[in-house]
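Residues per chain are reported as follows:
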Amino acid sequence: MEQAEGVVGALTESELVTKSDLVTEVAKLRTDIYRAMLIQTGTIIAAILGIITLLQ
């Protein structure tokens, strides 16, 4: 965590990016991660339902 704070501090002090830019990018990344998790969960559920259907 301290390393991440150091990187954020270095980037914002050098004015390469603003904290607002970083917050936006982190929010986008979280959204992408949650979306991928939902897709993966749906795939697992579909596979389980398919197996159950085949076993009947």
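Refer to the preceding data block for the structure.
Chains are numbered independently. Their residues run from 1 in the order of the written sequence. Given that this is a predicted model, residues contribute local features only at a pLDDT of at least 70 and side-chain atom pairs are listed and counted only at 80 or more, while totals for whole chains, interfaces and linings are drawn from all residues. Values shown for side chains rest on all heavy atoms present in the structure; no hydrogens or waters enter the calculation.

**Points about the overall build of the protein chain**
Condition: In this description a helix means any DSSP run of H or I spanning at least four residues, a strand means any run of E spanning at least two, and both kinds are numbered starting from the N terminus. As defined in this context, the radius of gyration uses C-alpha atoms, and a globule is described by 2.2 Å times the residue total to the power 0.38. Partly exposed residues are those whose accessible area sits between 20% and 50% of the maximum for their type, while under 20% is buried and over 50% is exposed, using a 1.4 Å probe and protein chains only. With residues, only the protein chains shown are counted as cover, and all accessible areas are computed by Shrake-Rupley using a 1.4 Å probe. We treat Lys and Arg as the positive residues and Asp and Glu as the negative residues; His and chain ends play no part in the count. The location of each charge is read from NZ of Lys, CZ of Arg, CG of Asp or CD of Glu.
The helix and strand inventory of the protein chain stands at two helices and zero strands. Relative to a compact globule of 56 residues, whose C-alpha radius of gyration would be 10 Å, the protein chain shows 20 Å and is clearly more extended. Counting every position in the protein chain, which comprises 56 residues, the buried fraction comes to 0%. Roughly 5200 Å² of accessible area belongs to the protein chain as shown, and the carbon and sulfur atoms make up 66% of that amount. The distance from the centre of the 4 positive side-chain charges to the centre of the 7 negative ones in the protein chain is 10 Å.

**Observations concerning unusual backbone geometry**
The backbone phi angle of E15 is positive, close to 65°, even though this residue is not glycine. When you line up the elements, E15 lands in the loop between helix 1 (2-13) and helix 2 (19-55).

**What to know about the pattern of salt bridges**
Selection rule: The working definition used for a salt bridge is a side-chain nitrogen of Lys or Arg within 4 Å of a carboxyl oxygen of Asp or Glu.
Inspection of the entire model under this criterion finds two salt bridges. In this structure, the salt-bridge partner of K28 is E25, at a minimum N-O distance of 3.6 Å. A residue pair is termed a helical-turn pair when its members lie 3 or 4 positions apart in one helix, as K28 and E25 do in helix 2 at three residues. Take E25: its relative accessible area is 47%, and that puts it in the partly exposed class.

**Quick word on a nonpolar patch on the surface**
To be explicit about the condition: Excluding any residue in a salt bridge, patches collect residues exceeding 30% relative accessible area, merging like charges within 9 Å and nonpolar Val, Leu, Ile, Met, Phe, Trp and Tyr side chains within 5 Å.
Judged by side-chain polarity, I44, I45, I48, L49 and I52 come together as a nonpolar surface patch covering roughly 460 Å² of accessible area. With respect to the helices and strands, L49 occurs in helix 2.

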